[in-house]
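Architecture at a glance
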Amino acid sequence: MGIFWDLLQQDELDAQKKKAESVEDRVASLEMELDKTRTLLKKTLVALESHLQRDIDGDGKTG
């Protein structure tokens, strides 16, 4: 019975490892998307402030 228990545990460990790796990949992908979104938002804000000649984000400057 011991060998079957070891095989069952190893299978469970492998499944958990795959799940953790996929979560890590997903987190990395989400972090990359967040960086892109922040960059785009900053560019949009700069363009909008320049167009309106108003300080929208409260940093004390336009553009």
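Look above for the structure.
One structure accompanies this document, and this report is about it. (Residues numbered from 1 in each chain as written. Predicted model: local features only at pLDDT ≥ 70, side-chain atom pairs only at ≥ 80, totals over all residues. Heavy atoms only, no water.)

1. Observations regarding the overall build of the protein
A count of helices and strands for the protein gives one helix and zero strands. Here the protein has a C-alpha radius of gyration of 24 Å; the compact-globule value for 63 residues is 11 Å, and the former is much larger. With respect to the principal axes defined by its C-alpha atoms, the protein has extents near 75 × 15 × 10 Å. The 63 residues of the protein split such that 2% are buried. Of the side-chain charges in the protein, 10 are positive and 14 negative, and the distance between the mean point of each set is 8 Å. (Helix = DSSP H or I, 4+ residues; strand = E, 2+ residues; numbered from the N terminus. Rg over C-alpha atoms; globule rule 2.2 N^0.38 Å. Buried < 20%, exposed > 50% of the residue type's maximum accessible area, 1.4 Å probe, protein only. Lys, Arg positive; Asp, Glu negative; His and termini not counted. Charge placed at Lys NZ, Arg CZ, Asp CG, Glu CD.)

2. A few points about the side chain of Glu-49
Position of Glu-49 relative to the elements: it lies in helix 1 (residues 2-52). Polar side-chain contacts of Glu-49 include one of 2.9 Å to the backbone nitrogen of Ile-56. Once residues lying within four places of it in the same chain are set aside, the contact partners of Glu-49 are Arg-54, Asp-55, Ile-56, Asp-57, Asp-59, Lys-61, Thr-62 and Gly-63. (Polar contact = N/O pair within 3.5 Å; in protein donor to acceptor, adjacent residues only side chain to side chain. Contact = heavy atoms within 4.5 Å.)

Fair warning: the whole summary comes from geometry, so function is off the table for now.
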